[in-house]
Amino acid sequence: MKRPLRTLTCAAALGAAAFSVPAFAADHHGTESHQPNEAYATLIDRERNEIGHARFQQGPSGVLITIQLDTQNESAPGWHGVHLHMLGDCSNDDFTSSGGHINPSGHDHGLLNADGPDNADLPNIYVHEDGALRAQVFTDRVSLHGEYDAPALLDEDGSALVIHDNEDDHSTQPIGGAGARHVCGVIEASR
Ligand SMILES: [Cu+2]
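What counts as what
- Residues numbered from 1 in each chain as written.
- Predicted model: local features only at pLDDT ≥ 70, side-chain atom pairs only at ≥ 80, totals over all residues.
- Heavy atoms only, no water.
- Helix = DSSP H or I, 4+ residues; strand = E, 2+ residues; numbered from the N terminus.
- Buried < 20%, exposed > 50% of the residue type's maximum accessible area, 1.4 Å probe, protein only.
- Contact = heavy atoms within 4.5 Å.
- Areas by Shrake-Rupley, 256 points an atom, 1.4 Å probe, with all protein chains shown as cover.
- Donors = N, O, S within 2.8 Å, 3.2 Å for Na, K, Ca; no water.
- Phe/Tyr/Trp six-rings, centres within 6.5 Å; stacked < 30°, edge-to-face > 60°.

### Focus on the overall build of the chain
Next up, step 1: On a plain count of helices and strands, the chain comes out with 1 helix and 10 strands.
Next up, step 2: Counting all 191 residues of the chain, 39% fall into the buried class.
Next up, step 3: At a minimum sequence separation of 6, the contacts of the chain that also span at least 24 residues come to 60%.
Next up, step 4: For the chain, the exposed surface amounts to about 10700 Å²; the carbon and sulfur share of it is 55%.

Have a look at this one:
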């Protein structure tokens, strides 16, 4: 009795494996979304020198932003406010062409504001004595393409990452006292 039972069990297991392998393979060769889930920005200073870049990675619950500034740029050492501005346009001298903050939520500015934060708000970033900076910040108040109903960075008129002259105090209106814009980068889809 034992031997035939074992044979049956074996055959059943093989049968299951034979069915599961093609199904697994089909999943991995099936249609995948080709919409890019990354974006980048080349960062320029007011003299239009390229001084760094930013990478935007869309995750399931937010966008991870990696910012890099090269050494020898004109950014003053210390903390600087960094925000997401509503137009993908860094064409004029003071970068006001990038418009105001992305903020369809209508919330006040400031990560520490009881009526905030607005969609564009991010933590400050720190520039070292030699001008270099490496930072990662994460936000779920924007998305690349409208994921989880957050405003899209890659919408029709684009958007820009802007680094300000001063630290953002995360509460004062409208931009936390962060001052003028000294670095700008148009956010573009990665290919
Ligand atoms: Cu700003």
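### A few points about the coordination of the copper ion
Next up, step 1: Distances from the copper ion to its protein donors, His83 (ND1), His85 (NE2) and His164 (NE2), fall at 2.0 to 2.1 Å.
Next up, step 2: Counting along the primary sequence, the residues that act as donors to the copper ion give the motif H-x1-H-x78-H.
Next up, step 3: Residue classification places histidine 85 among the buried residues on the basis of a relative accessible area of 1%.

### Describing the packing of aromatic side chains
Next up, step 1: All chains considered together, the criterion is met by 1 aromatic pair.
Next up, step 2: Ring centres of tryptophan 79 and tyrosine 126 lie 5.1 Å apart, and the angle between their planes is 75 degrees; on these two criteria the pair is classed as edge-to-face. A residue pair is termed long-range when its members are at least 10 positions apart, and tryptophan 79 in strand 4 (residues 78–80) and tyrosine 126 in strand 6 (residues 125–127) qualify at 47 residues.
Next up, step 3: A relative accessible area of 34% means that tyrosine 126 is categorised as partly exposed.

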